[in-house]
Amino acid sequence: MKFEGKILLVDDEAHIRKFVGLLLRKHFAPTVLEAGDGLAALAIYEQQQPDLVLLDVNMPHLDGLQTLDRLRKAYPDANVVMLTSLTNRQTVEECLRLGAIDYIRKDTPKDELAAQLQRIIEECFAEDPPPTTASLPP
Amino acid sequence: MMPVLEQPPASTSILKDRKILLVDDDRLNMRILAGILRPEGAIVAEANCGEAALELYPTFLPDLVLLDVMMPGINGYQTCRQLKQQHGDACAPVIFITAKNESDDIVEGLEAGGVDYLPKPFRPKEALARIRIHVQNRILREQQNQLVEQLSHANAAKNRLLGMAAHDLRNPLASIRALSEFLSDGTVGPLTAEQLDLVGTIHEASQSMLTLVNELLDLSVIQSGELKLYREEHSLADLIAKSVGIANLNAAAKGTTLVFAPSPVAKILLDEEKIKQVVANLLSNAVKFSPPGSVIRIGLQAEDAHAVVRVRDQGPGIPAGEHGKLFQDFGRTSVKPTGGEQSTGLGLAICKKLIEAHGGRICADNEPDGGCTFKFSLPLNP
C-alpha cells in the first residue's frame, strides 16, 4: 500500500526531523510537514489537516502530551502516533489514553522503523482509506 | 620541675566534648567517675536512678551511658533494655557499673544490650581506657553511617547523571546512524567507494555507541532500583520465534543459521520487552562468538515448574577460570567475536538482572563436544 496522505512530523530536534522526514519521504512519499514545537504543530494542523501526525513526547513549551490532548479535543479524528526516545510505560499509557494510535521509538533501526510505520498506517487506514494509490486486485 | 602529665591534654582527648550520662544512686561513685571524665573535656550529665536516666536521655542524647546495676526502682539491666527499645540502633553504648563481677551478671548485662562493664571499686586508668574504646567505636560508627549516606547520595547522583547523559546522547546517535544509512543506501544519490567506506565507519561507530549508551541507561535504571516490570501473559515460544526471525536476518551476513525447536510450554507472566531484550542478547552473542557458517540451536522446555530456554552456540566456549566474569558488569572474557563485532561487556550483566527480577535464573556451561549453552529459566507461576 502506497500511502500518499499528508504527514505532520513534530519534533524539537532538527536532526530527528531530518532523519524521520527522509524516512517518510523515501518509504511513503507523502507530503511531509514539519513543526519544531507543539504550538507550531497545532497551527499547521489547523491549516493543513494532515492525515497522520508523528508527535515527539519531550518538547519545550507545549510537550507532546499537552499537544496531543489539545489536538484530540479540537479534532477528535486526528491520527497521532507518538515518537518516543524511551519506552517509559507510564507516558506511553497516558498517550494511548489521550487517544494516540500507537508509539514508535526513535532509536529503532530505520528499516524496522519503516516497517512499523507501514503496519501502523495500514491498520489505521484499512477501513477508511486516505488518498492512496493502492492498486486494486484485478 | 614540671609535673608529668599522666593524661593527654583535654584538647586532644577523644572524650573532648563527648556527652556521657552517669547513672548511679551512689553520689560518691558519681563524683569519682565525673572526676575522671571532666578533665578529659567530656560533658557529663548525672541521673540518680533508671527512671531519671530514661527521662534525661532524649534531651541530653549522650555518646555513652555508664549505668549502675543495683539501683532503687528499675535496675540497670531493665533501664538498658528500655533504652535500647526506645532508641534502637542509634542508642548510645551502655557500660555497666557493677560491684559484683560474677560471670552470670556480666552475661546478663551483655544480653541486656551492654557493651562492657566496669567493676567497682574503679581503677581510674582502666575505667578511662574502656570508656575511650567505646566512645571511639561510637565515633567510628557515626562516621561510617555518614560515609554510607554520602556514598549513597553520590551513587544516586551518578546514576542520575549517567541516565541523563545516556538519554541525551541517544537521540543524536540514532539520527547519525540512520542518516549514515541513508547516505550509503543511495537514497540521496550515489557515493564513491571511498565515501561509502567512510560512511560505513560512521555507521558502525554510531551503532556501537548507541548500544553502549542503551546498556548504560539500562544499568543505571537497574542500579538505582527503578527497574519496573510490566508483566502480562505471553507465549514464550512466540516471543522467541520472533527474536529468532530477526536474529536470522542479521546472522545471514555470517552465513550462520539459528534453529528454534520449542516444546509446548504454558503462557507465563513476563515483561515482554525485557525478556525480548534478554533473548535478543543471547542470540546475538551466540552469533557473535560462533564461527561463520555455524548453526545456533535454541530450545524451550518446561522443567520443574519453570520454562527453560537454552541457546547453544558453536563458539570456543568459556575459557577456564573466566566463568565468574561472564555475568559481571563490564566483565568481558578473553574470547573475541568472530566477525569483528563489538562487545561492551554489559549485555549479560543486564540479562542476569532482568531474569532475576522475574524470579528466574541464568547460567552458562561449556558443552563436552564444543561450544557452550546459555540457559535461563522463568517460573511458570511467579
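A quick note: this is a predicted structure, and the numbers were derived from the prediction, not measured. (Residues numbered from 1 in each chain as written. Chains lettered and ligands numbered in written order. Predicted model: local features only at pLDDT ≥ 70, side-chain atom pairs only at ≥ 80, totals over all residues.)

1. Observations concerning the overall build of chain B
Moving on, step 1. Secondary structure summary: chain B contains nine helices and twelve strands in total.
Moving on, step 2. Within chain B, the fraction of its 382 residues that count as buried is 31%.
Moving on, step 3. Long-range pairs, those at least 24 residues apart, make up 66% of the contacts in chain B with a sequence separation of at least 6. (Helix = DSSP H or I, 4+ residues; strand = E, 2+ residues; numbered from the N terminus. Buried ≥ 20, exposed ≤ 12 C-beta atoms within 10 Å, placed from the backbone. Contact = placed C-beta atoms within 7 Å.)

2. Overview of the confidence of the model for chain B
Residue and element names in this part refer to chain B.
Moving on, step 1. Per-residue pLDDT for chain B has a mean of 89; in total, 96% of the residues score no lower than 70.
Moving on, step 2. Ranking the helices and strands of chain B by mean pLDDT puts strand β1 (residues 19–23) first, with 96, and helix α4 (residues 103–111) last, with 81.
Moving on, step 3. Across the whole predicted complex the pTM is 0.63, and at the interface the ipTM reaches 0.81. (pLDDT = per-residue confidence, 0-100.)

3. Brief notes about the pairing of strand β2 (residues 31–35) of chain A
All names here are of chain A.
Moving on, step 1. Across five bridges, strand β1 (residues 6–10) lies against β2 in parallel orientation. When the bridges of β2 are listed, L8 appears paired with L33.
Moving on, step 2. Of the crossover connections in this fold, the one passing from β1 over helix α1 (residues 14–27) to the parallel β2 is right-handed. (Pairing = 2+ DSSP bridges. Right-handed = clockwise from strand over helix to strand, strands pointing away.)

4. Re the sheet that holds strand β4 (residues 94–98) of chain B
All names here are of chain B.
Moving on, step 1. Pairing within the open sheet is parallel, and its five strands lie in the order β2-β1-β3-β4-β5. The open sheet has two edge strands, β2 (43–47) and β5 (116–119), and neither has a second partner. Within this sheet the neighbouring strands show an average axis-to-axis angle of 20°, counted without direction.
Moving on, step 2. Two elements, β4 and β5, share four bridges in a ladder whose sense is parallel. Note that in β5 the partner of I97 across the bridge is L118.
Moving on, step 3. In the packing of helix α2 (residues 50–60) onto the sheet, contacts are made with β1 and β2, and the angle to β1 comes to roughly 170°. (Axes fitted to C-alpha atoms, helices over the stretch in contact; angles between N-to-C directions.)

5. Digging into the environment of C91 of chain B
Residue and element names in this part refer to chain B.
Moving on, step 1. Here C91 is to be found in the loop between α3 (76–87) and β4.
Moving on, step 2. A C-alpha to C-alpha distance of 10.0 Å links C91 and G113, two positions 22 residues apart in sequence.
Moving on, step 3. Sequence-distant contacts of C91, that is, excluding residues within four places in its chain, are made with L83 and K84.

6. Here's the deal with unusual backbone geometry
Moving on, step 1. Cis geometry marks the peptide bond from K120 of chain B to P121 of chain B; its omega dihedral reads -5°.
Moving on, step 2. Its location among the elements puts P121 of chain B in the loop between β5 and α5 (124–184).
Moving on, step 3. Its identity is not glycine, yet Q49 of chain A carries a phi of approximately 45°, on the positive side.
Moving on, step 4. Topologically, Q49 of chain A is positioned in the loop between α2 (38–48) and β3 (52–56).
Moving on, step 5. Of the residues examined, Q49 of chain A has 12 C-beta atoms within 10 Å and is grouped as exposed.

7. Re the nonpolar core
Moving on, step 1. In this structure, L8, V10, V53, L54, L55, V80 and M82 of chain A are the most contacted members of the largest nonpolar core, which totals 39 residues.
Moving on, step 2. When residues of this core are traced back to their parent elements, those giving at least two are β1, α1, α2, β3, α3 (64–74), β4 (80–84) and α5 (110–124) of chain A together with α5 of chain B.
Moving on, step 3. Counting residues in hydrophobic clusters, the runner-up holds 38 residues, among them V244, A251, L283 and I298 of chain B. (Core = buried A, V, L, I, M, F, W, Y, C linked by C-beta atoms within 7 Å.)

8. Points about the packing of helix α6 (residues 193–223) of chain B against helix α9 (residues 347–357) of chain B
Residues and elements named next belong to chain B.
Moving on, step 1. Where α6 contacts α9, the axes come no closer than 10 Å and their chain directions differ by 35°. Two packed elements cross with a definite hand, and for α6 against α9 that hand is left-handed. Together, E215, D218, L219 and I222 of α6 and G347, I350 and K353 of α9 make up the contact between the two elements.
Moving on, step 2. Here the contact of α6 with α9 is built from residues that sort into three nonpolar, one polar and three charged. (Left-handed = near helix turned anticlockwise from the far one by under 90°. Nonpolar A, V, L, I, M, F, W, Y, C, P; charged D, E, K, R; others polar.)

9. Examining the packing of α2 of chain A against α3 of chain A
Each pair of packed helices can be summarised by the angle the axes make with each other and by the distance between the axes.
All names here are of chain A.
Moving on, step 1. Here α2 crosses α3 at 25°, and the two axes come no closer than 9 Å. With respect to α3, the axis of α2 lies roughly parallel. Crossing handedness for the pair α2 and α3: right-handed. Taken together, the residues of α3 that come into contact with α2 (itself represented by G38, A41, L42 and Y45) are Q66, T67, R70 and L71.
Moving on, step 2. Within the contact of α2 with α3, the residues separate by chemical class into four nonpolar, three polar and one charged. (Parallel < 35°, antiparallel > 145°, perpendicular 65-115°, else oblique.)

10. Some remarks on the interface of chain B and chain A
A common way to express how large an interface is: the accessible area buried when the components associate.
Moving on, step 1. Taken together, the contacts link 14 residues of chain B with 14 residues of chain A.
Moving on, step 2. The element that contributes the greatest number of residues to the side of chain B that touches chain A is α5 of chain B, accounting for ten residues.

11. Some points on α1 of chain A
Moving on, step 1. The terminal C-alpha atoms of α1 of chain A lie 20 Å apart, and with 14 residues this matches the ideal 20 Å at 1.5 Å per residue to within 8%.
Moving on, step 2. Within α1 of chain A the residues assigned to the buried category are I16, R17, F19, V20, L23 and L24 of chain A.
Moving on, step 3. Contacts from the buried residues of α1 of chain A go to β1, β2, β3 and α5 of chain A together with α5 of chain B.
Moving on, step 4. Backbone geometry just after α1 of chain A places A29 of chain A at a positive phi near 45°. (Expected span 1.5 Å × (residues − 1).)

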